[in-house]
Amino acid sequence: MSVMVARKKVVRKWEKLPGRNTFCCDGRIMMARQKGIFYLTLFLILGTCALFFAFECRYLAVQLSPAIPVFAAVLFLFAMATLLRTSFSDPGVIPRALPDEAAFIEMEIEATNGTVPQGQRPPPRIKNFQINNQIVKLKYCYTCKIFRPPRASHCSICDNCVERFDHHCPWVGNCVGKRNYRYFYLFILSLSLLTIYIFTFNIVYVALKSLKIGFLNTLKETPGTYPSMSLTVLTVLEVLICFFTLWSVVGLTGFHTFLVALNQTTNEDIKGSWTGKNRVQNPYSHGNIVKNCCEVLCGPLPPSVLDRRGILQQEESTAQEGSCLRGPGAQEPLATQGPGQAQEGHSVLSSQVPALAVSDTEMPEEKQRTPGELPVPSPDAGRAEH
């Protein structure tokens with residue numbers, strides 16, 4: 001006997017999301033597929049800070065103040081927390097249109113533009129939207145089948161439309177958008193302070209050692225002991241890393257500080273959306289640096305609209321075969337049921353078997369009786385009573 005059993009397989013929505021993103025921890029972590037430079041970022045930060053804490057901090061805490069390693073640890077933890085928050089979060093990806101929604105949008109576009117003759121280029125798919133008495137164009141995304149919201153753009157690397165798209169940063173391994181821009185800005189700001197801090201105290205460390213035994217004598221010390229190895233190899237390595245990192249990170253921090261003050265994105269600045277030939281004013285700016293900074297860095301953070309960990313249920317039917325042993329008197333299950341034998345739910349076999357009525361003609365050892373005649377007991381029955 002074969003039984004069909006329906007099993008429900010739980011599938012999360014992140015497993016079916018389009019685009020070129022990777023997910024970890026059951027959809028809780030969302031990143032781009034290209035993560036090689038992100039690992040390089042982690043290596044540079046962790047390696048430089050590990051060398052600084054292992055060597056220079058120990059010497060400077062004794063010679064100057066124990067607060068030096070404490071403040072460095074605070075900057076390091078804050079930079080790492082903001083980096084991971086930027087890299088592992090949803091930057092503000094906009095879901096793609098469902099087939100019914102895409103068909104409805106196509107019908108709207110055809111009704112608006114009318115029939116385009118063959119050989120002619122169709123008009124651009126643009127909607128005009130007014131923000132603070134300023135006309136803003138909403139462009140149609142042919143990949144996501146939607147009209148993108150204001151300030152949104154399609155990332156060619158992640159293949160998704162991102163709300164308030166700033167740029168795709170390979171150093172953090174993710175897009176930078178509406179939901180993680182403040183953490184990205186705090187990351188580069190804290191990393192700039194940490195780089196300056198380590199670079200400065202590496203120079204102080206070299207100066208203190210040089211005052212004791214001289215700069216040339218310090219460089220001539222043979223590696224083998226902790227101070228000489230730190231100065232000749234590790235400190236010079238840290239100084240070089242911090243020196244080359246300093247210019248790029250500090251410069252990037254200054255550029256984004258300028259953008260935050262104007263309430264502008266990198267994408268808008270590169271395209272010249274508000275500083276082009278038309279000299280159109282930025283409709284998102286409040287005209288006040290403090291208000292712009294508060295909106296970008298302290299405003300409410302919108303929730304993710306992807307619902308990555310939502311559940312999609314898919315039923316899978318599997319057949320299971322089983323056999324049961326039947327005795328000599330076992331009966332086959334009834335194939336059909338009468339009108340009065342229907343039961344609620346699934347059909348089950350009743351545990352009570354109705355008694356079968358046996359007619360007089362089916363008694364092999366008894367004579368047939370006429371109506372009103374009493375049955376005559378057999379001799380065997382009498383002997384059984386005794």
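What counts, and at which threshold
Residues numbered from 1 in each chain as written. Predicted model: local features only at pLDDT ≥ 70, side-chain atom pairs only at ≥ 80, totals over all residues. Heavy atoms only, no water. Helix = DSSP H or I, 4+ residues; strand = E, 2+ residues; numbered from the N terminus. Buried < 20%, exposed > 50% of the residue type's maximum accessible area, 1.4 Å probe, protein only. Areas by Shrake-Rupley, 256 points an atom, 1.4 Å probe, with all protein chains shown as cover. Patch = residues over 30% accessible without salt bridge, like charges linked within 9 Å, V, L, I, M, F, W, Y side chains within 5 Å. Salt bridge = Lys/Arg side-chain N within 4 Å of Asp/Glu carboxyl O. Pairing = 2+ DSSP bridges. UniProt positions renumbered as here; feature names shortened; annotations may be inferred. Phe/Tyr/Trp six-rings, centres within 6.5 Å; stacked < 30°, edge-to-face > 60°. Lys NZ or Arg CZ within 6 Å of the ring centre and 35° of its normal. Core = buried A, V, L, I, M, F, W, Y, C linked by side-chain atoms within 4.5 Å. Contact = heavy atoms within 4.5 Å.

1. Overview of the overall build of the protein chain
Consideration 1: A count of helical and extended segments in the protein chain gives nine helices and 12 strands.
Consideration 2: By residue count, 33% of the 386 residues in the protein chain fall in the buried class.
Consideration 3: Accessible surface, the protein chain as shown: approximately 25,500 Å² in total, 61% of it carbon and sulfur.

2. Topic: unusual backbone geometry
Consideration 1: One non-glycine residue with positive phi stands out, namely Arg-151, at about 70 degrees.
Consideration 2: For Arg-151, the location among the structural elements is in the loop between β7 (146–147) and β8 (153–155).
Consideration 3: For Arg-151, a relative accessible area of 14% translates into the label buried.

3. Examining a nonpolar patch on the surface
Consideration 1: Residues Ile-37, Leu-40, Phe-43, Leu-44 and Trp-171 make up a contiguous nonpolar surface patch of roughly 490 Å² in combined accessible area.
Consideration 2: Structurally, Phe-43 is set in helix α1 (residues 36–63).

4. Some points on the sheet that holds strand β4 (residues 93–94)
Consideration 1: Taken in spatial order, the three strands line up as β4-β9-β8 in an open sheet, and their pairing is antiparallel. Edge strands, defined here as strands with exactly one partner in the open sheet, are β4 and β8.
Consideration 2: Here β8 pairs with strand β9 (residues 160–162) via three bridges, running antiparallel. Bridge pairing in β9 places Cys-155 opposite Asn-160.

5. Some words on the UniProt feature "transmembrane region" (unreviewed entry) in the protein chain
Consideration 1: Residues given the UniProt feature "transmembrane region" (unreviewed entry) here are residues 37–55, 67–84, 183–208 and 228–250.
Consideration 2: Structurally, residues 37–55 is divided into 100% helix and 0% strand, and its ends, taken at the C-alpha atoms, are 27 Å apart.
Consideration 3: Here residues 67–84 runs as 100% helix and 0% strand, with 26 Å between its end C-alpha atoms.

6. A short note on the pairing of strand β2 (residues 21–24)
Consideration 1: Of the two faces of β2, only the one carrying Asn-21 and Phe-23 is buried; Thr-22 and Cys-24 on the other face are not.
Consideration 2: Sheet topology note: the β2/strand β3 (residues 29–32) ladder contains four bridges and is antiparallel. When the bridges of β3 are listed, Asn-21 appears paired with Ala-32.

7. Focus: the packing of aromatic side chains
Consideration 1: According to the stated counting rule, one finds 14 aromatic pairs in the structure shown.
Consideration 2: For the pair Phe-38 and Phe-88, a centre-to-centre distance of 6.2 Å together with 65 degrees between the ring planes defines the contact as edge-to-face. Taken together, the positions of Phe-38 in helix α1 and Phe-88 in helix α2 (residues 67–88) put the pair 50 residues apart, joining distant regions of the chain.
Consideration 3: On the accessibility criterion, Phe-38 (2% relative accessible area) is buried.
Consideration 4: Here Phe-243 and Phe-244 contribute two aromatic rings whose centre-to-centre distance is 5.5 Å and whose plane-to-plane angle is 80 degrees, an arrangement assigned as edge-to-face.
Consideration 5: Lying across the ring of Tyr-181, Arg-164 places its NZ or CZ 5.4 Å from the centre.

8. Considering the pattern of salt bridges
Consideration 1: Scanning all chains against the criterion turns up six salt bridges.
Consideration 2: One salt bridge connects Asp-26 with Arg-12, and the closest N-O pair in it is separated by 3.6 Å. Residue Asp-26 is found in the loop between β2 and β3, and its partner Arg-12 is found in strand β1 (residues 2–12); the two are separated by 14 residues along the sequence.
Consideration 3: Between Arg-151 and Glu-268 there is a salt bridge whose closest N-O contact spans 2.9 Å. Here Arg-151, found in the loop between β7 and β8, pairs with Glu-268, found in helix α7 (residues 266–271); they are 117 residues apart in sequence, far enough to count as distant.

9. Regarding the nonpolar core
Consideration 1: Ile-45, Phe-52, Leu-83, Tyr-181, Phe-184, Phe-187 and Tyr-197 are the most contacted members of the largest nonpolar core, which has 35 residues in total.
Consideration 2: Among the elements that make up this core, the one with the highest residue count is helix α4 (residues 181–213) (11 residues).
Consideration 3: For Phe-52, the contacting residues outside a window of four places in its chain are Cys-57, Ala-72, Tyr-197, Ile-198, Phe-201, Asn-202 and Glu-238.
Consideration 4: Judged by nonpolar contacts, the second largest core, of 11 residues, contains Met-30, Val-162, Phe-165 and Leu-306.

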